[in-house]
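# Inside the fold
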Amino acid sequence: MAGMTISKLNQMKAAGEKIASLTAYDATFAKLFAQCGIDFMLVGDSLGNVVQGQTSTLPVTVEQIAYHTEAVRRGAPEAFIIADMPFMSYATPEQACLEAAKLMRAGANMVKLEGGEWLLDTIRMLVERSVPVCAHLGLMPQSVNLLGGYKIQGRDQAMAANTVRQALAAQQAGAQLLVLECVPTELGELISSKLSIPVIGIGAGVKTDGQILVMHDMFGLNSDYLPKFVKNFLAETSDFAAAVELYIQQVKEGTFPGPEHSFE
Ligand code: KIV
């Protein structure tokens, strides 16, 4: 949606209007997504997987995210764009500020960081210096080596309670959006109800304030491995624009993700 702002995203949450978002990496798709009315776009470090052909997001650099953010900004001058801070680019608050500046200069409106308690000082420092922050909890792909794979998170009570604590702490530190990845529907709902900021789910069930998908997954372009939470919208439509419009429609009416795309 043109002219999207953080306060409009907050109003959408307050009004119960679902937020529909996608990743974008280039000008052509960014323009298409903007024309279809997507609420915001994320230049995700998933570009390591879907653009570069890497096996994880770890090799992605700030310069590469900045390059793709510039392209997305050229394609969608009015869009609300979030840029991912890649692996080890925010190991200290000072480093985070220097690297985030590159992404903001490239055209981002907000940066996204994966992590919990250890990130709170970094979130505070970025926000104090006028860099809006989106936190990312649940499955954090940059921690794949620590987690031992891409697994659903927060299934046991202690882990679920810890994720709730971390989400509240991130909000308290100044995060204005939260991406919640691969958690049971019940936990997605609980965190969305406890936070005043919008919670955007990916594999977090239908009860979050909005949804995000990697664009290639939404078009069914990754044939080797499709996570349970992914739906190929192109399979039911005739072209890219119709697929994006169907995705937005199903997110807004709350019919995507269905139980078959969600975890218990
Ligand atoms: O990098 C990415 O595309 C992401 C989404 C999966 C939320 O972080």
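Residues numbered from 1 in each chain as written. Predicted model: local features only at pLDDT ≥ 70, side-chain atom pairs only at ≥ 80, totals over all residues. Heavy atoms only, no water.

## A word on the sheet that holds strand β7 (residues 199-202)
Note the following rule: Strand pairing is assigned whenever DSSP detects at least two bridges linking the two strands. Strands are runs of DSSP state E lasting at least two residues, helices are runs of H or I lasting at least four, and both sets are numbered from the N terminus onward. Here the axes come from fitting lines to C-alpha atoms, over the contacting stretch only for helices, and the angles between their N-to-C directions go from 0 to 180 degrees.
Around the barrel, eight strands lie side by side as β1-β2-β3-β4-β5-β6-β7-β8; this closed barrel has parallel pairing. Strand after strand, the sheet turns through a mean of 25° between neighbouring axes, direction not considered. In the sheet, strand β3 (residues 81-84) pairs with strand β4 (residues 110-114) via three bridges, with the strands oriented parallel. Bridged to A83 within β4 is V111.

## Some words on the site of the ligand
Here is the rule: Proximity criterion: a residue is near a molecule or strand once any of its heavy atoms comes within 4 Å of it. Think of a polar contact as two N or O atoms within 3.5 Å of one another; within protein, one of them needs to be a possible hydrogen donor and the other a possible acceptor, and neighboring residues in sequence only count if both atoms come from side chains. The Shrake-Rupley method, run with a 1.4 Å probe, gives the accessible areas here. Residue values count only the displayed protein chains as cover. Buriedness for pockets is judged along seven lines, at least five of which must meet protein on both sides within 12 Å for an open set on the 1 Å grid over protein atoms alone, while cavities are sets there where a 1.4 Å probe fits but cannot get out, and lining residues have an atom within 4 Å of a point. More than half of a molecule's atoms within 2 Å of the grid points is what it takes for that molecule to sit in a cavity or pocket.
In the neighbourhood of the ligand, the contacting residues comprise T23, L42, G44, D45, S46, D84, K112, H136, V179, I202, I212 and V214. A distance of 2.5 Å separates an oxygen atom of the ligand from a polar side-chain atom of S46. Protein coverage of the free-state accessible area of the ligand, which is 260 Å², stands at 95%. If you map the ligand onto the pockets, it falls in the largest pocket.

## Some points on the packing of helix α2 (residues 27-36) against helix α4 (residues 62-75)
To keep it simple, the criterion reads: What sets the label is the angle itself: under 35 degrees gives roughly parallel, over 145 gives roughly antiparallel, 65 to 115 gives roughly perpendicular, and the rest give oblique. Left-handed describes a crossing whose near helix is turned anticlockwise from the far helix through less than a right angle; right-handed describes the clockwise counterpart. Only heavy atoms matter for contacts: two residues are in contact if any of them lie within 4.5 Å across the pair. Residues are grouped as follows: nonpolar covers Ala, Val, Leu, Ile, Met, Phe, Trp, Tyr, Cys and Pro; charged covers Asp, Glu, Lys and Arg; every other residue, Gly included, is treated as polar.
It is the contact of α2 with α4, at a shortest axis distance of 7 Å, that shows an interaxial angle of 45°. In terms of axis orientation, α2 runs oblique to α4. Here α2 and α4 pass one another in a crossing that is right-handed. For the pair formed by α2 and α4, the contact residues are A27, A30 and K31 on the first element and A71, V72 and G75 on the second. Residues belonging to the contact of α2 with α4 are distributed by class as follows: four nonpolar, one polar and one charged.

## A closer look at helix α1 (residues 6-15)
Given 3.6 residues per turn, any residue in an α-helix points the same way as the ones three and four places further on. Note the following rule: Buried means the residue's accessible area, taken with a 1.4 Å probe over protein chains only, is under 20% of the maximum for its type, while exposed means over 50%, and partly exposed covers the values in between. Directions are taken from the helix axis to each C-beta atom, and the arc is the one they span.
Every buried residue of α1 is listed here: I6, L9, M12 and K13. Projection of α1 onto a plane perpendicular to its axis shows the buried side chains occupying an angular sector of 115°, all on one side. Residues of α1 that are exposed and point over 90 degrees away from its buried face: Q11, A14 and A15. Close packing links the buried residues of α1 with β1 (19-23), β2 (40-43), β4, β6 (177-181), α9 (185-194) and α11 (240-253). Following α1 by one or two positions, G16 has its phi on the positive side, about 75°.

## Focus on the pattern of salt bridges
Pairing is possible between side chains of opposite charge, provided their charged atoms come close. Put simply, the rule is: Here, a salt bridge means any side-chain nitrogen of Lys or Arg that lies within 4 Å of a carboxyl oxygen of Asp or Glu.
Counted by the stated rule, this structure contains 10 salt bridges. A salt bridge links D39 to K252; the shortest N-O distance between them is 2.6 Å. Pair noted here: D39 is in the loop between α2 and β2 and K252 is in helix α11, with a separation of 213 residues, a long-range link. Exposure remark for K252: the relative accessible area of 27% places this residue in the partly exposed category.

## A look at helix α8 (residues 157-173)
Selection rule: The length a helix should cover is 1.5 Å for every residue beyond the first.
Compared with the 24 Å implied by 1.5 Å per residue over 17 residues, the 24 Å span of α8 between its first and last C-alpha is a close match. Residues of α8 that are buried include every one of A160, T163, V164, Q166, A167, A170 and A173, and no others. Those residues of α8 that are buried are in contact with α6 (120-128), β5 (133-138), β6 and α9. Backbone nitrogen of A158 and a side-chain oxygen of the N-cap are separated by 3.2 Å at the start of α8; the cap is D156. Immediately downstream of α8, the backbone of G174 shows phi near 125°, a positive value.

## Some points on the packing of α6 against α8
It is the contact of α6 with α8, at a shortest axis distance of 8 Å, that shows an interaxial angle of 25°. Relative to α8, the element α6 is oriented roughly parallel. Viewed along their axes, α6 and α8 form a crossing whose handedness is right-handed. Here L120, I123 and R124 of α6 come into contact with α8, specifically with A169, A170 and A173.

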